[in-house]
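Reading the structure
Chain residues, written in single-letter form:
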Amino acid sequence: MKCPDHIVQWMHDYLDGDIAPNDEQALREHLQQCPSCSHHFNSLKKTVAFIQHCSHLVPSADFTANVMARLPKEKRRIRLGRWLK
Ligand SMILES: [Zn+2]
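First, a word on scope: everything that follows refers to the structure included in this document.

What counts, and at which threshold
All chains use their own residue numbering, which begins from 1 and follows the written sequence. Local features in this predicted model are restricted to residues whose pLDDT is 70 or higher, and side-chain atom pairs enter the listing and the counts only when it is 80 or higher, whereas totals over whole chains, interfaces and linings include all residues. Only hydrogens and water are removed before side-chain values are computed, so all heavy atoms of the structure are retained for them. Helix numbers and strand numbers start at the N terminus; a helix is a DSSP run of H or I with at least 4 residues, a strand a run of E with at least 2. Whether two residues are in contact is decided by their heavy atoms, any of which lying within 4.5 Å being enough. Only the protein chains shown count as cover for residues, and all accessible areas are computed by the Shrake-Rupley method using a 1.4 Å probe. Water is absent from the atoms considered, so a metal site may look incomplete; donors are defined as N, O and S atoms within 2.8 Å of the metal, or 3.2 Å for Na, K and Ca. Here the metal geometry follows the donor angles, with tetrahedral for four donors whose angles all fall between 85 and 135 degrees, square planar for four and octahedral for six when opposite donors are more than 155 degrees apart and every other angle is between 65 and 115, and irregular for all the rest. The classification of residues rests on relative accessible area computed with a 1.4 Å probe and restricted to protein chains. Under 20% of the type maximum is buried, over 50% is exposed, and intermediate values are partly exposed. Within this document, salt bridges are pairs made up of a side-chain nitrogen of Lys or Arg and a carboxyl oxygen of Asp or Glu, the two lying within 4 Å of each other. Expected helix span is computed as 1.5 Å times (number of residues minus one). It is the directions from the helix axis to the C-beta atoms that the arc portrays.

Further remarks concern the overall build of the protein chain. On a plain count of helices and strands, the protein chain comes out with 4 helices and 0 strands. Along the protein chain, helices and strands appear, N-terminal first, in the series α-α-α-α. For the protein chain, restricting intrachain contacts to residue pairs at least 6 apart in sequence, the fraction spanning at least 24 positions comes to 49%. With the model as given, the accessible surface of the protein chain reaches about 7200 Å², and the carbon-plus-sulfur share is 57%.

Spelled out as structure tokens, the structure:
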């Protein structure tokens, strides 16, 4: 079956706790019928649980700061790799 593009967006909204009740209902119905979205949703939930677990282990803002600090470096490395090719 063809999955609506907004299904993944709804998953993120749901995990952010920021989904409209109507959308949540439609999301649940789709997940019941669609094994691939259901699987994707479960792995998203695991990732969120893992990140929340990690931020409990590091009870400071450093975790987020470190993640943010790493992002530009990753981008720079990708750009450099493109030049080297
Ligand atoms: Zn689907």
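So much for the structure itself; the text now carries on.
Protein-derived ligands of the zinc ion are Cys-3 (SG), His-30 (NE2), Cys-34 (SG) and Cys-37 (SG), with the metal-ligand distances lying across 2.0 to 2.2 Å. Relative to the metal, the 4 donor atoms surrounding the zinc ion lie at angles of 103 to 116 degrees, and the coordination shape comes out tetrahedral. Classification of His-30 by relative accessible area gives buried; the value is 8%.

A full pass over the atoms with the stated rule returns 1 salt bridge. A salt bridge links Glu-24 to Arg-28, with the shortest nitrogen-to-oxygen separation between them at 2.7 Å. Linking Glu-24 with Arg-28, this pair stays in helix H2 (residues 21-33), spanning 4 residues, or about one helical turn. For Glu-24, a relative accessible area of 22% corresponds to the partly exposed category.

If you check H2, its first and last C-alpha atoms are 19 Å apart, about what 13 residues at 1.5 Å a residue would give, namely 18 Å. For H2, every residue scored as buried is listed here: Leu-27, His-30 and Leu-31. Seen from one end, H2 has its buried residues packed into an arc of 100 degrees, which puts them on one side. Among the exposed residues of H2, those pointing more than 90 degrees away from its buried face are Pro-21, Asn-22, Gln-32 and Gln-33.

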